[in-house]
Amino acid sequence: MQRLHISTSTREQLLDITREVAEAIAASEVAEGVAVVYCPHTTAGITINENADPDVARDLLETLRRLVPCDSGYRHCEGNSDAHVKATMVGSSATIPIENGHPLLGTWQGVYLTEFDGPRNRTVIVTVMGS
Ligand code: ZN
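Residues numbered from 1 in each chain as written. Predicted model: local features only at pLDDT ≥ 70, side-chain atom pairs only at ≥ 80, totals over all residues. Heavy atoms only, no water.

A. Focus on the coordination of the zinc ion. Here the zinc ion is held by His-76 (NE2), Glu-78 (OE), Asn-80 (OD1) and His-84 (NE2), and the distances to it run 1.9 to 2.3 Å. Geometry at the zinc ion is irregular, judged from its four donor atoms and the angles of 87 to 147° they form at the metal. Linear spacing of the donor residues for the zinc ion on their chain is H-x1-E-x1-N-x3-H. A residue is classified by how much of its surface remains accessible, and His-76, at 33% relative accessible area, is partly exposed. (Donors = N, O, S within 2.8 Å, 3.2 Å for Na, K, Ca; no water. Tetrahedral: all angles 85-135°; square planar, octahedral: opposite > 155°, others 65-115°. Buried < 20%, exposed > 50% of the residue type's maximum accessible area, 1.4 Å probe, protein only.)

B. Representation of the pairing of strand β3 (residues 33–38) in the model. Note that β3 and strand β5 (residues 93–99) share six bridges and pair antiparallel. Its bridge partner being in β5, Ala-35 is matched across the sheet by Ile-96. Summarising the sheet, β3 and strand β8 (residues 121–130) pair through six bridges and their orientation is antiparallel. The partner of Gly-33 across the bridge, within β8, is Gly-130. (Pairing = 2+ DSSP bridges. Helix = DSSP H or I, 4+ residues; strand = E, 2+ residues; numbered from the N terminus.)

C. Fine view of the sheet that holds strand β7 (residues 109–115). In spatial order, the strands read β2-β7-β4; together these three strands make up an open sheet with antiparallel pairing. Strands at the two margins of the open sheet, each flanked by one partner only, are β2 (13–16) and β4 (44–50). When the angles between neighbouring strand axes are averaged without regard to direction, this sheet yields 35°. Where β2 and β7 come together, four bridges link them in antiparallel fashion. Opposite Gln-13, over in β7, you have Glu-115 as the bridge partner. (Axes fitted to C-alpha atoms, helices over the stretch in contact; angles between N-to-C directions.)

D. Main features of the side chain of Thr-18. The topology assignment puts Thr-18 in helix α1 (residues 18–28). Here the side chain of Thr-18 touches Val-111 through a polar contact of 2.8 Å, landing on its backbone nitrogen. Aside from chain neighbours lying at most four places away, what touches Thr-18 is Asn-51, Leu-105, Gly-110 and Val-111. (Polar contact = N/O pair within 3.5 Å; in protein donor to acceptor, adjacent residues only side chain to side chain. Contact = heavy atoms within 4.5 Å.)

E. Representation of the nonpolar core in the model. Of all hydrophobic cores here, the largest spans 20 residues; its most connected members are Ile-17, Val-21, Val-37, Ile-46, Leu-113 and Val-124. Membership of the second largest hydrophobic core comes to eight residues, among which are Ala-57, Leu-64, Ala-87 and Phe-116. (Core = buried A, V, L, I, M, F, W, Y, C linked by side-chain atoms within 4.5 Å.)

F. Quick look at the sheet that holds β3. In spatial order, the strands read β1-β8-β3-β5-β6; together these five strands make up an open sheet with antiparallel pairing. Two strands lie at the open edges of the sheet, namely β1 (2–7) and β6 (102–103), each paired on one side alone. Where β1 and β8 come together, six bridges link them in antiparallel fashion. Its bridge partner being in β8, His-5 is matched across the sheet by Thr-123. Helix-sheet contacts for α1 involve β1, β3, β5, β6 and β8, and the interaxial angle to β1 is about 160°.

Right, dumping it as structure tokens:
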């Protein structure tokens, strides 16, 4: 198990962590198996989507903003309820197959840490299982 330490720079951000995840898998020396990429935070998450065109990440954030407004009569007193809702919609982990020591991602896929209440220092845990 490895911990990645990631600093986000804005309140809402999709941060491409594909390289860091691939390095964690390589360091595990597992050739065939799976990696679980997990975010232990309540206002951030993990998703896999296109990282070729940066407009895709922008569109994802903009759509989540439209679906989950900042101020919608929430009860939670911290003022970041929209971030909690968005984090739950995105989910807190992704499971990626490993082939020949590399994450088996599609040509256009990347792994993102999704920040909804930054900027903050975040931890991402990569657990690699296999042989
Ligand atoms: Zn909160």
